[in-house]
Structures are given as structure tokens and as C-alpha cells.
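Chain by chain, the residues:
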Number of protein chains: 2
Amino acid sequence: MSKLRSAPTLDDVARMAGVSTATVSRCLNNPDRVVDATRERVLSAVDTLGYTPNFAARVMAAKRTSTIGAIIPTMENAIFARGLQAFQEELHKHGYTLLVSSSAYKPEIEEEQIRTLVARGADGLLLIGHDRDRKIHDDLERRKIPVLVAWSFLPDARVPSVGFDNRAAMFELAHRVIELGHRRIGVISGVSAGNDRARHRIEGIQDAARQNGLLSSDVMMLETPYEIENGAEAFSKLMSQDAPPTAILCGNDVLAVGALHRAREMGLRVPDDVSITGFDDIELARIATPALTTVHVPHREMGRRAALELVGMLENQTQGTGTRLATHIVERQSLGPPAKA
Amino acid sequence: MSKLRSAPTLDDVARMAGVSTATVSRCLNNPDRVVDATRERVLSAVDTLGYTPNFAARVMAAKRTSTIGAIIPTMENAIFARGLQAFQEELHKHGYTLLVSSSAYKPEIEEEQIRTLVARGADGLLLIGHDRDRKIHDDLERRKIPVLVAWSFLPDARVPSVGFDNRAAMFELAHRVIELGHRRIGVISGVSAGNDRARHRIEGIQDAARQNGLLSSDVMMLETPYEIENGAEAFSKLMSQDAPPTAILCGNDVLAVGALHRAREMGLRVPDDVSITGFDDIELARIATPALTTVHVPHREMGRRAALELVGMLENQTQGTGTRLATHIVERQSLGPPAKA
DNA sequence: ATGAAAAATGCAAGCGCTTACATTGCTGCT
DNA sequence: AGCAGCAATGTAAGCGCTTGCATTTTTCAT
């Protein structure tokens, strides 16, 4: 498979322009270190030859790829789409390319992807959430690869993070729900093992329950993978109990939409018969019927900040400080007071 | 000795295992060409050193990346998510890695992404749709990089494709709509310039209209980017005419969900006051209220087939034959007969 | 045992680029 | 005119790996 046979190389360009390869390289990477006349000659050779630098060779020689790797739990729904889009746009402005892969929420896959991205020479890494085998960070540290965590801000974690306080955010929402009069609360959480965001959201709910004098038996919790169908199933289970909850807090919007859908199938009116809330405020939340009350996360801002932070770490060799972003509740139609008993 | 703080290389492993670098390389790439005892020794050195092959170096030496590049129009919604997922799973089985990037439906960005992927050494490329500057294919051909097109099957295009007949699929749906009695049809299409899929879907509608004796003035067409909000806007425009359509065919499910949403906001009942249909059958279509009548596309099958085809082209140096997949209408609640006038 | 074929391993030449250092060619000062 | 000093360009040493070919070791039929 010698497909490269026909691709022109630096040498070809140099020969055609009558200069050394060093000069061609400079034309491409430090144009101002070459005199105008030469540069023009070289660039026109590049043009007529249709030359494109060989990435692998460049990486080998320069020991730097200008590439950032990101591993997100899923690409199947829009949870990370908007933030990642902003991340990549900002990266692009600074001359970096983004490589994305997804871990399907599986730690072992995430680890494999990290290795792949590192082997491919990622100059820096964006990871989601803090929960992770510490050996991974040991290894990354040893290789001196800057890592930034997003979607979860923890002030004194080992790795700097750009994100929000999942616990406080969910606390606020749960508090609001209880304040409306709900006393039996259902929770449909994502799988919390290895997922600090899911865990912190649960804790936020528990904080609010405790603080408002609910018993732990008033809170019915279910964990399930983050998919619409699972939200629906969990909803059924929760509502088929003797004293079903009057409000159901979901770990994210996807789960909430599943719950919403099942509620309709079961002939339950939302929020009259049961309230349902989400988390993330992705587009789906606005579109759902009824529109979802949820926690708004500043996705684009988070992505942009993460990019700036990571680029800063890369170019100044600094440790990175992290940023905590604010979230807020968006009240739409899916949350109301409980029905009068 | 000074390697301690940076990534170990093949040399380090070789030294530690007391063999040559060639042997280490073979252990990693052709394990059976090395005797057991040696292999074990080498692998344990790999392990204790935490060695990971340097991708760029490997590519340079082997002239092959085992990487496939794919450029899809968007990652923001789920249109391509499922198919791409299947594509990558199948690729993985054959030892290939997938690199994805998105073009935002812009030809010039697609072109840039192609160059990037090629520079990065993609062994093969998956592209969406056939519309594309021919120079791009000239260049790819010259570099001998196999290309496969998906999401649109064209039997005698320059490049082999795995997909379905967009025109026929949309024809079938439009025919069904007209058969139900609709005479004034609205169409919310994606932007057709540079997008053969959008264009063929429009043509399918026109075929059906003509064949059923509708006048071209009975079909009101709007083009708009593929986003929910645009679907909503287009819906408003279409319905604010003197004689608004009784059925609206949307170029994809995303647009249709936008239309559905706006209908509700305007107090129109679907399908009693107006019918709305989609295309693609992504999860959103099932979840929407009312559930969307749409054209089912075998996303996973398409992704899988595309992977097999592309791997075949790569490994057998063949041209690729392409595959046409069948679609079918999924009737849910958003389509009904027109209201009695 | 013995030698030839087969299996295992080693040697070393690149792959296409960047970059430290060396060389050449100018500028403008005295 | 002569030369320091700098700008422009060239030279060549790798970067870490794979692989064709050479060499050594093992296997096995005799």
C-alpha cells in the first residue's frame, strides 16, 4: 500500500524552487524569516505541486502536534455537543486542532482512548469529570501532558477544572421543588460509579432533603444509564410504587425527556399529576412537551474557557487555575406544585 | 537514564529486554514471529516501562495509519450519530481507528477537513453525499486514497456509495401524503446547494406531486439550514399564507420537530389541523409529540456496510461496489388525512 | 552426530520533516 | 575600501519506528 508514492514532499518543493528544504520549511512555519522573493518562489512551487506537509513527519521532527484530545462520555446525545463545539472553535483560533473520542461512560474505554490520544501526540487533554484511576494521572504527569477537566468544578482536585458545582446546582433545584410543597421525591440518576457529576447531583438532592426535614424514605432513588429509554423505564418503576412521588428529579435532560414521554404514555399529566425536572438545559429541554424545568449550564462559555485555560497551560507551561461557572434554574412547564391530596 | 521523566521508546524496551528494537517491534506487530520466551520478556518490559508506541514514528516508518477519516455535516444533532457509531464499531473490529470531524454543511470547511485528514495520513475517507468539487476527488485519486460516500446511494457516481435512494424514499412518503387527500403541500427542505440528499428529496416530492396531478403552485417550498429553530420559523411562514398547506413535508426530523413545536405554540393540532412529516427516523422522531411519521433509514446497517466496504477497498485494493439500502415509511401520529374543508 | 532448511533475531536504512549550527551575502560604519 | 554585525540560507543530525536482508540459532531427517 504505497499510496504516498505520489504525494510530493518537502524535497520536491525545495528542488523545484531551487532552495534547501530548510528554507521551504521556514516559508511554511516562519514566513518572516525568509526574504519575499524566495518565499514567493517557494509558495508557488508548493502550489503547483499541490504539496501538503506530512503530518507524522512534522510531528516527529517538531515533537509537537498542536492537537488537543478530548474524551467525552457520549456523542449519541447533545449533552456535550454545544460545549465541545465552543471548545473547538476557541482552540481553532489559537491554532490547535481538536481530536474527539467517546468513552461510552466506561472507564476502561476512557483509559484506552487516553492512551490512543497520547500516542497520537496530543499536546493536551480535555477530560470530563474528576473520577478516574489515579495511575492515569500519574502517567500523564510523567509524560508532562497538561490535562484539564470540564463539566465539574472542584477547587482542590489534583487536576484543574473548568465547570460548575454540580452539587450546589442540584441542591438549588431540589430546594425549589421541596419549597413548592413536594414531599415525596423520585430521583432518576445516571450511574454514579465513576461519575462524580452524577454523584454530586445526588448529594445535592440529599442535602436539600435533609435541610428541609424530609426523611430518607421520602426520597426514592434509581440509577440508570443516561438514555431516553432508561428514563422512561425508571419513571414507570418509580410511579408504580404504593405512594408514588409527586416530583421526579432527573440526573439530566435526556433521562427527563424519557420520563416525560412515559408519563404521557401512562396518561399522567405533567406537572399536574407529577412534576419532572432535568439538568443541563440542552435544546431538547426547550422542545419537550411540556417544556422542561431544568438547570441551565453555560455550555458555550464552559467550552470557551476550557480552551483558553488549556492553551494557557500549554503555552506558558503553567499549572492552570480552573474556573467555576455559575448555573441557574430555568423554570419552564414541567414543574409545578403537587396536586392537592 | 534521563529518559525517566519522559515517554519510553522502543529502544528503552529493547535494552531492558536485552533484544534488538526489531524484535520488540515484531512482538508488538507480529507476535507469532517471535518465540514465546522472548515475547514474554519483551512484553513485561513494555509493561514495567509503561511503553506506548509513538504513533507518528510508526506511521512514518510503516506508511500506513490504520486510520479512517470521516467528515460529517454536523455533530450538533443526532442525524449521523447512530450510523457513525456503527461505522466505527465495525472499523474497530478490523483494526482501524476512526477520526471524525464536521463541516457544518460548508463545502469549504469540508475541503479543509479533507486536507487535514489526508495530511494526518488517513488510509481512507468516508464522506457524506456526492456533491463536491471534482478537484477534490482528482486529488484524492492521485494520492490513491480510497473514498466512500454514505447517506446517498448513486449507482454510477465516480465514487462508490453506501446509502439509500433519497429521491425514491421521499417520493414514497409524498405519494402517501397525497393519497391521504392532501392537495396543498408545504415543504421545508434543508439547503439544497451542495447537498444532493436535500435536492433528491425535493425531487422526490416533485415527482409525486406531478404524478398525482398537483400543480406546481400546490407545492410551497422553503429552504433553510437544518436546525430546530429554522424548522419552526419556516413553519410559521408556510402557515401564514392565504391558503396554507394541510401537510408539511420536512427534509429531516430535526426540521420537523421544529415545525411540530411551532405548531403547538400557534395552537394548531397535529395532525388534525396540519400534518407534519420528517425524514431519517432518529430517536427524536419517536419522542416528539405527536410522534413523527417519517422515513426510516437503516442507520446502523448503513454504517456497518460502509465500514465493510471501505475496509474491503483498502485491503484488496479494489474499487468498491457500493450498496443500496432500503428505507421505509414509519407511520406514527403526525400524519393524517386533511381536515374536511 | 551432521548438515541443510527453517525459524528467530539482529542490523541498518530510511520515512519526511524541523532546527541548531555553519556558511554566505549584505548593510553601513569608519 | 575594509570589516563588524546581522540577515538569509544551507547543512546535516536526528525524531522513534518498521522492515528487507543478513546472521545466528534451532529443528529434524538422515
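Quick notes on the rules
- Residues numbered from 1 in each chain as written.
- Chains lettered and ligands numbered in written order.
- Predicted model: local features only at pLDDT ≥ 70, side-chain atom pairs only at ≥ 80, totals over all residues.
- Heavy atoms only, no water.
- Near = heavy atom within 4 Å.
- Polar contact = N/O pair within 3.5 Å; in protein donor to acceptor, adjacent residues only side chain to side chain.
- Helix = DSSP H or I, 4+ residues; strand = E, 2+ residues; numbered from the N terminus.
- Nonpolar A, V, L, I, M, F, W, Y, C, P; charged D, E, K, R; others polar.
- Domains from an automatic or database assignment.

> What am I meant to see in the protein's contact with DNA strand C here?
In the neighbourhood of DNA strand C, 28 residues make up the surrounding shell, with Leu10, Ser25 and Tyr51 of chain A together with Thr23 and Thr38 of chain B lying closest. Here DNA strand C approaches the protein such that, of its atoms within 4 Å, sugar and phosphate make up 62%. Take Ser25 of chain A: an N or O atom from its side chain is 2.6 Å from a phosphate oxygen of DNA strand C. Within the backbone of Val35 of chain B, a nitrogen or oxygen atom sits 3.0 Å from a phosphate oxygen of DNA strand C. Secondary-structure elements contributing two or more residues to the surface near DNA strand C are helix 2 (21–29) and helix 4 (55–62) of chain A together with helix 2 (21–29) and helix 4 (55–62) of chain B. With five residues, helix 4 of chain A is the single largest residue contributor to the surface near DNA strand C. Residues belonging to the surface near DNA strand C are distributed by class as follows: 14 nonpolar, eight polar and six charged.

> Help me understand the protein's contact with DNA strand D in this model?
What surrounds DNA strand D is a group of 27 residues, the closest being Arg26 and Thr38 of chain A together with Leu10, Ser25 and Tyr51 of chain B. Restricting attention to atoms of DNA strand D within 4 Å of the protein, one finds that 63% of them are sugar or phosphate atoms. Between a base oxygen of DNA strand D and a side-chain N or O atom of Arg26 of chain A, the distance comes to 2.5 Å. Residue Asn54 of chain B places a main-chain N or O atom 3.2 Å away from a phosphate oxygen belonging to DNA strand D. The leading source of residues in the surface near DNA strand D is helix 4 of chain B, at five residues. Residues that form the surface near DNA strand D fall into these classes: 14 nonpolar, seven polar and six charged.

> Quick question: what am I supposed to make of the domain arrangement of chain A here?
By convention, interface size is frequently given as the accessible area that disappears when the constituent parts associate. Examined at the domain level, chain A breaks down into domain 1 (3–62), domain 2 (67–164 + 299–325) and domain 3 (166–297). Each of domain 1 of chain A and domain 3 of chain A was reduced to a C-alpha centroid, and the two centroids are 58 Å apart.

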